[in-house]
Amino acid sequence: MPSVPYDLQRRVGRFRDQRWLLDAVVRLVGPEFDQSRLHYLAAPMSPDFQGAVMGLQGQIKRWDDIAPTFAGLARRFELQARAALAQGHAVTAGDGFFAAAVMYGGAQWPIFADTDLLQALERKKAECYAAYAERADHRIDAVEVPFRGRTLAAHLHLPPGYAGGELPCLVMIEGMDAFKELAIFASADRFLRRGFACLVIDGPGQGTALARGIAFDPATYGELGPAAFDVAAARPEVDAARIMAWGLSFGSYWATVMAAHEPRFAACAVMYTCFHPGNWPLLEMASPSFRQRMMFMTGAADEAALEALMPAMDVRPLSAKLAMPYFVMAGEDDSLSDLGFTIAHLNAVTGPKTLVLYAGEEHGMGGSRSSQLGTPFFLLIADWLADRAAGQPLDSTYNVVDRTGRLHAEPWGGTRTLQYGAPLGVDQLWSDDGPVGLS
């Protein structure tokens, strides 16, 4: 049975009219037909659970299989966790509850309406994550962020072994189909290990906010910047002078909006950019599932209503407001956000900026030799943030990781240009020099 009534699935014409084609692609490629969903769901889990998640690749044969199959694996993880708990194995139980929460959250993604199933999955996700938090290797506090008369759910993570003092803090926003529970790894998290407190928020239209009926409105999203900053700054564990914003994929747009509306952020770092005006490739050319999802996120009643909101999804009016250190990581061949718009945006940013491009790389990285052989991209952004927290000065630079994995850097200097749709050709721009470090 479909997870959403067919009358609600009819919102997007391409999703309805091309459903036979969508099912054929899922049957041929699996659930990763539009992005590496199994990979990003499995990544934050303990390795002991990742094989079961990746094993779903061959089990899902059509769109309507995704939600029940994901939920079924979540339930299995949950039952395993409860069995481990009954046997006194708290660490195993915690890892299992974490994996269950992530898969319950993943099962919500294909549901494009506020249904009983969506709410049931939300309750199970929250229940399992709370059970994990009780047994995690670090402190996790449930937090509420005020927003336009309501509140947004968040988690504040403190590094393992935290024993007092003020920490630098990341205010984190995941992508449009992600949620706060998967942002921080179950153990050995890259940001916590660098001494950051992490305030991970489900912004309007995401995760728990969507289950609460709080939609994404481009005209008001910027208000989350001051609200989130104030919540982080009020915590005794956080150094208010070192609060920074971080965003991934559509979160690159959201974090940029937040930083533009809150100059107190000490820095902003984003990756997998969504800087194309109106997010046109994502909502017009990519899989119709993205457009269908965005309609649910915004509460748009029909495609005309969504299209009326799209022009406001634009970072260009915000670029000049970014005076804090600003980091952008992008793929040369990102099909969801043309590189020319990213460069034009950065030209107008007034603060010191770092652009890192991976040659031949798409929106979600990891598929080209540049990202496979170069400095791992998440570690690059984590180290850049750690340098900002340490107070290291920043000069504006333009950086390219070539197909051999070498990183080449040069000063930003002046105004860079790149024609719309033009290839970067990075392999022809530099000689075969050794790696260059970032600071």
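Remember, it's a predicted structure, so these values are computed and weren't measured experimentally. (Residues numbered from 1 in each chain as written. Predicted model: local features only at pLDDT ≥ 70, side-chain atom pairs only at ≥ 80, totals over all residues. Heavy atoms only, no water.)

## Remarks on the overall build of the protein
Working step 1: Per the secondary structure count, the protein includes 17 helices and 10 strands.
Working step 2: In terms of overall dimensions, the protein is globule-like: its C-alpha atoms have a radius of gyration of 21 Å, near the 22 Å expected for 439 residues.
Working step 3: Dimensions along the principal axes, computed over C-alpha positions, put the protein at roughly 55 × 55 × 45 Å.
Working step 4: In the protein, 73% of the contacts between residues at least 6 apart in sequence involve partners at least 24 apart.
Working step 5: Here the protein displays about 16500 Å² of accessible surface, and carbon together with sulfur accounts for 54% of that area.
Working step 6: The positive charge centre, built from 37 side chains, and the negative charge centre, built from 49, are 4 Å apart in the protein. (Helix = DSSP H or I, 4+ residues; strand = E, 2+ residues; numbered from the N terminus. Rg over C-alpha atoms; globule rule 2.2 N^0.38 Å. Contact = heavy atoms within 4.5 Å. Areas by Shrake-Rupley, 256 points an atom, 1.4 Å probe, with all protein chains shown as cover. Lys, Arg positive; Asp, Glu negative; His and termini not counted. Charge placed at Lys NZ, Arg CZ, Asp CG, Glu CD.)

## Details of the confidence of the model for the protein
Working step 1: On average, residues of the protein score 89 in pLDDT, and 91% of them reach the 70 mark or higher.
Working step 2: Overall, residues 1-10 carries pLDDT values under 50, and its contacts beyond four positions in sequence, including any with other chains, amount to 23 contacts.
Working step 3: Predicted confidence for residues 419-437 stays below pLDDT 50, and this span has 33 contacts to residues more than four positions away or in other chains. (pLDDT = per-residue confidence, 0-100.)

## A closer look at the environment of alanine 320
Working step 1: The topology assignment puts alanine 320 in the loop between helix H14 (303-309) and strand S7 (326-331).
Working step 2: If we ignore the near neighbours within four places in the chain, the residues touching alanine 320 are Ala348 and Thr350.

## Quick word on helix H6 (residues 66-86)
Working step 1: Compared with the 30 Å implied by 1.5 Å per residue over 21 residues, the 31 Å span of H6 between its first and last C-alpha is a close match.
Working step 2: Burial in H6 covers these residues: Ile66, Ala67, Thr69, Phe70, Ala71, Leu73, Ala74, Phe77, Glu78, Ala81 and Ala84.
Working step 3: Buried positions along H6 lie against helix H4 (37-42), helix H5 (47-54), helix H7 (90-108) and helix H8 (116-133).
Working step 4: In the stretch just after H6, glycine 88 is the one whose phi turns positive, near 85°. (Expected span 1.5 Å × (residues − 1). Buried < 20%, exposed > 50% of the residue type's maximum accessible area, 1.4 Å probe, protein only.)

## As for empty space enclosed by the protein
In this approach, a probe sized like a water molecule rolls over the atoms, and the result shows the empty space that is left.
Working step 1: Scanning the model with the defined rule gives one cavity of 30 Å³ or more in all.
Working step 2: Approximately 100 Å³ is the volume found for the largest cavity.
Working step 3: Lining the largest cavity we find 13 residues, and of these Gly105, Gln108, Phe179, Gly207 and Arg293 sit closest to its centre.
Working step 4: Mapped by element, the contributors of at least two residues to the lining of the largest cavity are H7, H8 and helix H9 (207-211).
Working step 5: Sort the elements by how many residues they give to the lining of the largest cavity and H9 lands first, with three residues.
Working step 6: Residues of the lining of the largest cavity, tallied by class, amount to six nonpolar, four polar and three charged. (1 Å grid on protein atoms, 1.4 Å probe; cavity = no way out; pocket = protein on both sides within 12 Å on 5 of 7 lines; lining within 4 Å. Points joined across faces, edges and corners; volume = space filled by probe spheres on them. Nonpolar A, V, L, I, M, F, W, Y, C, P; charged D, E, K, R; others polar.)

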